[in-house]
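# Examining the three-dimensional arrangement
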Amino acid sequence: MLNRLDQQPPDALLALIKLYEADPRPDKIDLGVGVYRTAEGATPVFAAIKAAERRLVNEQRSKAYLGPEGDMGFVRALIPVIFGAATATGDIDGMQTPGGTGGVRLALAVARRAGVRRILMGTPSWPNHAQIIADLGLELVPFAHASADGTADLGALRAALSTAGAGDAVLLHGCCHNPTGVDYSDAQWDEIARLLADAGVLPLIDLAYQGLGRGLEEDSYGTRAVLARAPEALVAYSCDKNFGLYRDRVGALYVMAQGDAALARIMSHGMALARATWSMPPDHGAAAARLVLEDPALEGQWREELASMRGRIGAMRAALAGRGRVGALDLSPLGRQFGMFAILPLSGEQIHSLCADHGVYMAGSGRINVAGLTTGNLDRFTAALAQVAG
Ligand code: LMR
């Protein structure tokens, strides 16, 4: 039976981690998978998380099961951060998931149980979105996320929504669009919120980079605008980047519904699906994030650490954008984009040459992780770009 299975390629993005590690060139540059890097190229554990982990080790009395919902203290502590201090939290509930991927998977599976069949999504998108949609047997309805001028293509979203209705959901990136870095403006989010409410489609927001774009509050503007108008919504959340918890797999699914009874019914499906999939999420990282959010001093430290990451990413973006034209490439649009990522319009051959001849690693889509750039490697990177795209 099992012998019939054909060979599947490794995930192209994750494969870059190993390829980069195996490269002996000392001046190689990693712009591949989306992890934050310091000016020294490190991805350290947040000091606030380290302090919380020490506390956990000293004070945690048991590791007995919590249930499919995970650590609800963690889930609830994030609610004001995501939805705002003034949120009518009665309409929103959540559960912990293994990373943001677990949140997206669960959101789509719950939507499918509710009768959703088509997922409208701006492309390009994070490749795993399409993989999860396909694996669940849902139909992906793509529309262009960005226009040629490097701004968000609201017209394409409007056109996609004009053909949508009940049975459809739209998957949107809350901020720091992955892979383009092209975010909707606040005014565009206001219009999107109106359009979604009018079209009667279910909003599903993937908020995986809160705090890495404009700021914690600013990066949730779109989510809050959509939830203020929509009767129902699903939000998948990741703490991978903004708490630096990547491999600890810390995320959540939030549900907004019409009234307590509906919310409880929807959540019961989330619980049942989680139980049948991973049973319970891993505890450690979420417990550490909860301790951070429950302690004003640690929370303040976390906010400062996040702000300095955001500052470094913004500075690298500005430095890259400041180079303007490099060969045939115009880097200036990067200065108007947000978060870790940007897409460079390079051919497969050029991307291959950057890796083979210059030790520059990036996704096959031309996506670069801006956080992989430093003042120490920026010149070399742009010189390599000028050579391959000259
Ligand atoms: C990325 O897009 O590089 C990250 O979100 C890591 C991942 O899981 O793909």
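Our subject is the structure listed above.
### Side note on the environment of Ala356
With respect to the helices, strands and loops of the structure, Ala356 is situated in helix α13 (residues 348-358). Distance in space between the C-alpha atoms of Ala356 and Asp23 is 10.0 Å, their sequence separation being 333 residues.

### Re the site of the ligand
Around the ligand, the neighbouring residues are Leu13, Val33, Gly34, Trp126, Asn178, Tyr209, Lys241 and Arg367. Within the side chain of Asn178, an N or O atom sits 3.0 Å from an oxygen atom of the ligand. Contact distances for the ligand include 3.0 Å between an oxygen atom and a side-chain N or O atom of Lys241. Contact with the protein chains removes 80% of the 260 Å² of surface that the ligand exposes when unbound.

### Here we look at helix α12 (residues 296-322)
The end-to-end C-alpha distance of α12, which contains 27 residues, comes to 38 Å, matching closely the 39 Å that a straight helix rising 1.5 Å per residue would cover. For α12, the full list of buried residues reads Leu298, Glu299, Trp302, Glu305, Leu306, Met309, Arg312, Ile313, Met316, Arg317, Leu320 and Ala321. In this structure Asp295 caps α12, since a side-chain oxygen of it lies 2.8 Å from the backbone nitrogen of Ala297. Gly324, located one to two residues past α12, shows a positive phi value of around 60°.

### Structural notes on the sheet that holds strand β3 (residues 118-123)
Overall, mixed pairing links the seven strands, which are arranged β2-β8-β7-β6-β5-β3-β4 in an open sheet. What marks the edges here is a single partner per strand, and that holds for β2 (92-97) and β4 (139-144). For this sheet the average axis-to-axis angle between neighbouring strands, irrespective of direction, equals 20°. The pairing of strand β7 (residues 233-238) with strand β8 (residues 251-256) spans six bridges and is antiparallel. Bridge assignment links Leu234 to a residue of β8, and that residue is Val255. Helix α4 (residues 99-113) rests against β2, β3, β6 (202-207), β7 and β8 of the sheet, and its axis sits at about 165° to β7. On top of the sheet, helix α5 (residues 127-135) reaches β3, β4, β5 (168-173) and β6; it is set at about 165° to β3, its chief contact.

### Regarding helix α3 (residues 72-83)
Helical geometry note: an α-helix holds 3.6 residues per turn, so side chains three or four residues apart project in the same direction. An ideal rise of 1.5 Å per residue puts 16 Å on twelve residues; α3 measures up with 16 Å between its terminal C-alpha atoms. Extensive coverage of α3 is indicated by the burial of nine of its twelve residues. Looking only at α3, the buried set comprises Met72, Phe74, Val75, Ala77, Leu78, Ile79, Val81, Ile82 and Phe83. The opening residue of α3, the one whose side-chain oxygen lies 2.9 Å from the backbone nitrogen of Gly73, is Asp71.

### Some remarks on unusual backbone geometry
Outside of glycine, negative phi angles account for most residues, and trans bonds account for most peptide bonds. Cis rather than trans, the peptide bond between Thr123 and Pro124 has omega equal to 0°. A cis amide bond links Asn178 to the next residue, Pro179, at an omega of 25°. Position of Pro179 among the secondary structure elements: in the loop between β5 and α7 (186-199). One non-glycine residue, Arg249, lies in the positive phi region at around 60°. Secondary-structure assignment places Arg249 in the loop between β7 and β8. The phi dihedral of Ser279 is positive, around 65°, even though this residue is not glycine. Position of Ser279 among the secondary structure elements: in the loop between α10 (260-277) and α11 (284-294).

### A word on the nonpolar core
Grouped together as the largest cluster of nonpolar side chains are 83 residues, with contacts concentrated most on Leu78, Phe243, Tyr254 and Trp302. Built from parts of two domains, this core gets at least three residues from each of domain 1 (11-45 + 298-388) and domain 2 (65-294). Residue contacts for Trp302: discarding those within four places in its chain leaves Phe46, Ala48, Val81, Leu216, Asn242, Phe243, Val292 and Leu293. In this structure, Val104, Ile132, Leu138 and Ala262 belong to the second largest nonpolar core, which totals 29 residues.

### Digging into the side chain of Asp153
On the secondary structure map, Asp153 appears in the loop between β4 and α6 (154-162). The buried charged residue Asp153 lacks any salt bridge partner; its closest oppositely charged side chain belongs to Arg158, at an N-O distance of 7.1 Å. A distance of 3.2 Å separates a polar atom in the side chain of Asp153 from the backbone nitrogen of Gly155. Beyond its immediate chain neighbours, meaning those up to four positions away, Asp153 contacts Ala144, His145, Ala146 and Ser147.

### Regarding the packing of α7 against helix α9 (residues 221-229)
Interhelical geometry of α7 versus α9 gives an angle of 30° and a closest axis separation of 8 Å. When the interaxial angle is binned, α7 and α9 end up roughly parallel. Like other packed secondary-structure pairs, α7 and α9 cross with a definite hand, here right-handed. Of the residues in α9, those touching α7 at Asp186, Trp189, Asp190, Ala193, Arg194, Leu196 and Ala197 are Tyr221, Gly222, Ala225, Val226 and Arg229. Of the residues contributing to the contact of α7 with α9, the split by class is seven nonpolar, one polar and four charged.

Here is what the cut-offs are and how they apply
Counting starts from 1 at the beginning of each chain's written sequence and moves along it residue by residue. Given that the model is predicted, a residue must reach a pLDDT of at least 70 before its local features are reported, and side-chain atom pairs must reach 80 or more before they are shown or counted; all residues, however, enter totals for whole chains, interfaces and linings. Working from all heavy atoms in the structure, the side-chain values ignore hydrogens and water. Numbering of helices and strands runs from the N terminus, with a helix taken as a DSSP run of H or I at least four residues long and a strand as a DSSP run of E at least two residues long. Whether a residue is near a molecule or strand depends on its heavy atoms: it is near if one of them lies within 4 Å of it. Definition of a polar contact: a pair of N or O atoms within 3.5 Å, with one able to donate and the other able to accept a hydrogen when the atoms are protein atoms, and with sequence-neighbouring residues admitted only if both atoms are side-chain atoms. Method for areas: the Shrake-Rupley scheme with a 1.4 Å probe, in which residue coverage is limited to the protein chains shown. In this scheme, a helix's expected span is set at 1.5 Å multiplied by one less than its residue total. For each residue, the accessible area found with a 1.4 Å probe, counting protein chains only, is set against the maximum for its type, and the residue is called buried under 20%, exposed over 50%, and partly exposed in between. Only when DSSP finds a minimum of two bridges between them are two strands counted as paired. Lines fitted to C-alpha atoms define the axes, with helix axes restricted to the stretch in contact, and inter-axis angles between N-to-C directions lie between 0 and 180 degrees. In what follows, residue pairs with any heavy atoms lying within 4.5 Å of each other are defined as contacts. We call a set of buried Ala, Val, Leu, Ile, Met, Phe, Trp, Tyr and Cys residues a nonpolar core when their side-chain atoms join them within 4.5 Å. Domain limits in this description derive from either an automatic procedure or a database domain assignment. Just so you know, the count uses Lys and Arg for positive and Asp and Glu for negative, and it drops His and the chain ends. Salt bridges are defined by distance alone: a side-chain nitrogen of Lys or Arg within 4 Å of a carboxyl oxygen of Asp or Glu. What sets the label is the angle itself: under 35 degrees gives roughly parallel, over 145 gives roughly antiparallel, 65 to 115 gives roughly perpendicular, and the rest give oblique. Whether a crossing is left-handed or right-handed is set by the direction in which the near helix is turned from the far one by less than a right angle, anticlockwise for left-handed and clockwise for right-handed. Polarity classes work like this: nonpolar for Ala, Val, Leu, Ile, Met, Phe, Trp, Tyr, Cys and Pro, charged for Asp, Glu, Lys and Arg, and polar for all others, with Gly in that last group.

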